[in-house]
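Letter by letter, the chains look like this.
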Amino acid sequence: MSDTTSQLASTAYQSALQVIEGVEPRIAGAIRSELTDQRESLKLIASENYASPAVLLTMGNWLSDKYAEGTVGHRFYAGCQNVDTVESVAAEHARELFGAEYAYAQPHSGIDANLVAFWSILAHRVETPALAEAGVKSMNDLDEDAWEVLRKKFGEQRMLGMSLDAGGHLTHGFRPNISGKMFHQRSYGTDPETQLLDYDAVAAQAREFKPLILIAGYSAYPRRVNFAKMREIADEVGATLMVDMAHFAGLVAGKVFTGDEDPVPHAHVVTTTTHKSLRGPRGGLVLATEEYAPSVDRGCPMVLGGPLSHMMAAKAVALAEARTPEFQTYAQAVADNAKALAEGFTSRGATLVTGGTDNHLVLVDVSAYGLTGRQAESALLEAGVVTNRNSVPNDPNGAWYTSGVRLGTPALTSRGFAAADFDRVAELIVDVLSQTTPAPTKSGAPGKAKHILADGVADRVRAASAEMLQTHPLYPGLEL
Ligand SMILES: *Cc1c(COP(=O)(O)O)cnc(C)c1O
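Residues numbered from 1 in each chain as written. Predicted model: local features only at pLDDT ≥ 70, side-chain atom pairs only at ≥ 80, totals over all residues. Heavy atoms only, no water.

## Observations regarding the packing of aromatic side chains
Two descriptors summarise a pair of aromatic rings, namely the distance from one centre to the other and the angle between the planes of the rings. So the rule is basically this: Each pair of aromatic rings taken from Phe, Tyr and Trp, with Trp reduced to its six-membered ring, is defined by centres within 6.5 Å and is described as stacked if the planes are under 30 degrees apart, edge-to-face if over 60, and tilted in the remaining cases. Remark: exposure states derive from per-residue accessible area (1.4 Å probe, protein chains only) relative to the maximum for the residue type, with buried under 20%, exposed over 50%, and partly exposed in between. Any Lys NZ or Arg CZ that is within 6 Å of a ring centre and within 35 degrees of that ring's normal is treated as a charge sitting over the ring.
The full count for this structure, using the stated rule, is nine aromatic pairs. Ring plane angle 70° and centroid distance 5.8 Å describe the contact between Tyr218 and Tyr221, whose orientation is recorded as edge-to-face. Pair check on accessibility: Tyr218 and Tyr221 agree, each one buried. Centre to centre, the rings of Phe248 and Phe257 are 5.7 Å apart; their planes meet at 40°, and the pair counts as tilted. Take Phe248: its relative accessible area is 0%, and that puts it in the buried class. Put simply, the rings of Tyr218, Tyr221, Phe227, Phe248 and Phe257 pair up and form one aromatic cluster. Here Arg279 stacks its cationic end above the ring of Tyr330, 4.0 Å away from the centre of that ring.

## Some thoughts on a nonpolar patch on the surface
Put simply, the test is: Think of a patch as exposed residues, more than 30% relative accessible area, with no salt bridge, where like charges cluster within 9 Å and nonpolar side chains (Val, Leu, Ile, Met, Phe, Trp, Tyr) cluster within 5 Å. The protein chains shown are the only cover counted for residues, whose accessible areas, like all others here, come from Shrake-Rupley with a 1.4 Å probe. When a carboxyl oxygen of Asp or Glu is within 4 Å of a side-chain nitrogen of Lys or Arg, the pair counts as a salt bridge. Put simply, DSSP marks the helices as runs of H or I at least four residues long and the strands as runs of E at least two long, and each gets a number from the N terminus on.
A surface patch of nonpolar side chains, amounting to about 370 Å² of accessible area, comprises Tyr67, Phe76 and Tyr77. Inspection of the secondary structure assignment puts Phe76 in the loop between β3 (74-75) and α4 (81-98).

## Some thoughts on the pattern of salt bridges
This structure, assessed with the given rule, holds 19 salt bridges. For the salt bridge of Glu261 with Arg224, the shortest nitrogen-to-oxygen distance reads 3.1 Å. A residue pair is termed long-range when its members are at least 10 positions apart, and Glu261 in the loop between α10 (249-253) and β9 (269-273) and Arg224 in the loop between β7 (213-217) and α9 (227-237) qualify at 37 residues. Relative accessible area serves as the criterion here: at 25%, Glu261 is assigned to the partly exposed category.

## A closer look at the packing of helix α15 (residues 373-382) against helix α18 (residues 419-434)
The condition is simple: Here an axis means a line fitted to C-alpha atoms, over the contact stretch when the element is a helix, while the angle between two N-to-C directions is reported on a 0 to 180 degree scale. Each helix crossing is assigned a hand: it is left-handed if the near helix lies turned anticlockwise from the far helix by less than a right angle, otherwise right-handed if that turn is clockwise. Throughout, a residue-residue contact means that at least one pair of heavy atoms, one from each residue, lies within 4.5 Å. Residue type decides the class: Asp, Glu, Lys and Arg count as charged, Ala, Val, Leu, Ile, Met, Phe, Trp, Tyr, Cys and Pro as nonpolar, and the leftover types, Gly among them, as polar.
Remark: α15 packs on α18, axes separated minimally by 9 Å, with the N-to-C direction vectors making an angle of 115°. Crossing angle aside, the handedness with which α15 passes α18 is right-handed. Counted together, Ala376, Ala379 and Leu380 of α15 and Ile429, Val432 and Leu433 of α18 form the full contact between these two elements. Here the contact of α15 with α18 is composed, by residue class, of six nonpolar, no polar and no charged.

## A word on the environment of Gly306
Mapped onto the fold, Gly306 is located in the loop between α12 (299-302) and α13 (309-322). When the C-alpha atoms of Gly306 and Ser138 are compared, they prove to be 23 Å apart, with 168 residues separating the residues in sequence. Among residues more than four places away in sequence, those in contact with Gly306 are Tyr67, Glu69 and His108.

## Re the domain arrangement of the protein chain
Accessible area lost during the coming together of the parts is what is often quoted as the interface size. Quick note on the threshold: Note that the domain bounds were set by an automatic or database domain assignment. When two components associate, each loses some accessible surface as probed by a 1.4 Å sphere; the sum of these losses over both components is called the buried area. We call two N or O atoms a polar contact when they sit within 3.5 Å, provided that within protein one can donate a hydrogen and the other can accept it, with sequence-adjacent residues counted only if both atoms are side-chain atoms.
Assigned domains within the protein chain: domain 1 (63-322) and domain 2 (325-471). At the junction of the two partners, domain 1 supplies 27 residues and domain 2 supplies 27 residues. Interface area, domain 1 with domain 2, both sides summed: about 2200 Å², of which 55% is carbon and sulfur. Counting across the interface, domain 1 meets domain 2 through one salt bridge. Between Asp358 and Arg223 there is a salt bridge; the shortest N-O distance is 3.5 Å. Remark: the boundary between domain 1 and domain 2 carries 14 residue pairs in polar contact (both at pLDDT 80 or more). Where the side of domain 1 that touches domain 2 is concerned, the elements lending two or more residues are α10 and α13.

## Thoughts on the site of the ligand
Note the cut-off: When we say a residue is near a molecule or strand, we mean one of its heavy atoms is within 4 Å of it.
Residues in contact with the ligand amount to 13 residues; listed here are only the nearest, Gly110, Ile111, Ser219, Asp244 and Lys276. Here Ile111 contributes a backbone N or O atom positioned 2.9 Å from an oxygen atom of the ligand. Take His169: an N or O atom from its side chain is 3.4 Å from a nitrogen atom of the ligand. Taken by itself the ligand offers 390 Å² of open surface, and the protein chains cover 85% of this. The class makeup of the residues in the shell around the ligand is three nonpolar, eight polar and two charged.

## Things to note about the sheet that holds strand β11 (residues 351-352)
Counted only if it meets this: Strand pairing is defined by DSSP finding a minimum of two bridges between the two strands.
On the basis of which strands lie adjacent, the open sheet formed by four strands has the order β11-β12-β15-β14 and antiparallel pairing. Among the strands making up the open sheet, the edge pair consists of β11 and β14 (388-390). Sheet topology note: the strand β12 (residues 361-365)/strand β15 (residues 404-408) ladder contains five bridges and is antiparallel. Each residue of the ladder has a partner; that of Val362, found in β15, is Leu407.

Next up, the structure:
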C-alpha cells in the first residue's frame, strides 16, 4: 500500500466511522476493534486473507441500493446501466484472468456458486434433454405427467466428490448440506499409506458409480490436483467435471498452478470464492465453458435473488488487482511460504498429513503430541495463534474434536511475512503443542476437549509474535 493510498484510506475510514458513530456507536466500535484484533493476531486460518483498501472501499456505497435481477443487458428492473457496467467488468476480468470462456459474477458466496453450478449442470444434462424429448421449449410447456417425471429425475442424480476427512467440502454432497439431499453421493478418499489422491482408485469408483457430476477441489488437502486426469475420468464415465477452487483460486490466478494443475482448461464448470487466496471481497464466481454458459446464466432466478452490485464491483476491483505482476509475486510467495512452514514443522519432528505441502496450506497431525485438534486449536489461541482444527484422513476423533490443525499462508503473506518468518511461526507452534497436555475429565482420564498449556509459554509466544507482527504491519499507515 503506497503512502498516498494509506493517507486517503485513513481519511475515508475516519469520516465513515464518524458517520456510523452518529447512528450506532457500538457498530463503529466493533469495526474499529476488528482492525486492532486483525492487526494483533497471528492469523493462520487457511481460508482467510486481507483485502486491499480499494476492495474494501468499493463495498460500501449506493450500488447496494439497486435491484438488478437478470443478466447484463437483460434485467427485470429499469435503470440498471451502472450495474451492467459493474457486472460486465467483473466478468471480463474473471474471463481474462482465468482464461475462461464464460464467467458469472453474481453468486453471493462459495456455497451459492456451487448451488448455481449444480443446478446449471442439472439443467444442461437432465432438463434440456427432457424438454427435447417432449418436443417443447420450456418447462412451462410440459404437461403435468412429464413435469412429475422430470422432477423425479432431478432427485435421482449422482455426485462423486472428495470425502470430508480427506479434505473435501461440505457442499460436495454431504448430508448436512443441501447438496447431499439433492444428490446420491459417494466420496473418494486418499491413499491410506501416502495420504495422496489415488487417481486409479477415483477412476474405479467412477466406473462403478457413474456419477452425473465428478467434483474436484478441497478445503484441507495440502497438495495440488491433476485436473487433466480428473477430466479423463469424467469423460470415461460421461460425468461433468466440476472443480471447486474456492481455496486455491489465488494460486490459479497467480499462475502458480498451470498446465494440468490449472482447473479452468480441464473442467466444464469451475466455482470459487473470491475472499480466500484470491484476496477479494466475500463472494463467489462461476466459470464455465460456452456449452454450460446459458444454464449458468439462469443462476438468478434459479437459486439467487437480486445480485449484490456493490460486491460485484468489489470483485471487479480485486480481479483487476489479481491481473497484475505483483499478484503473481504474491501467489508464488504464498506457495513458497507454505513450503517453509512445512519444513519448519518436519525439521522439528512434527507429523504433517501427506508429509508436506505444495499449495497454500499445511495440516499438522497433532495426535503425535497426544492432543486432539480441539485442544491444539485452543492452546494455540491462548498463545495468540489463530488456526482451526480439522479432521485428518480416517480421523479417529471425528469431525468435532478432530486430530489436526489446518494452517494457511495467504493472510500473513499479504502482510509481507517471508520464508524465514514462517519457519519461526512453525517453531512457535511446536513450542505450544509440545508444552500442552490434555486436561483430565472428571474421572481422571485424559479428555478430548480441554487443554493445559504449561506456564509461561503463552507469554513467550505472544511476545515473539508481537515482534513479527510489528515488523510486518497490517494496512501500514492506516489510522482510525
Ligand atoms: C470456503 C469454501 C466454500 C464455501 O464458501 P462460502 O463463501 O463460505 O460459502 C465452498 N467450497 C470450498 C471448497 C470452500 O473451501
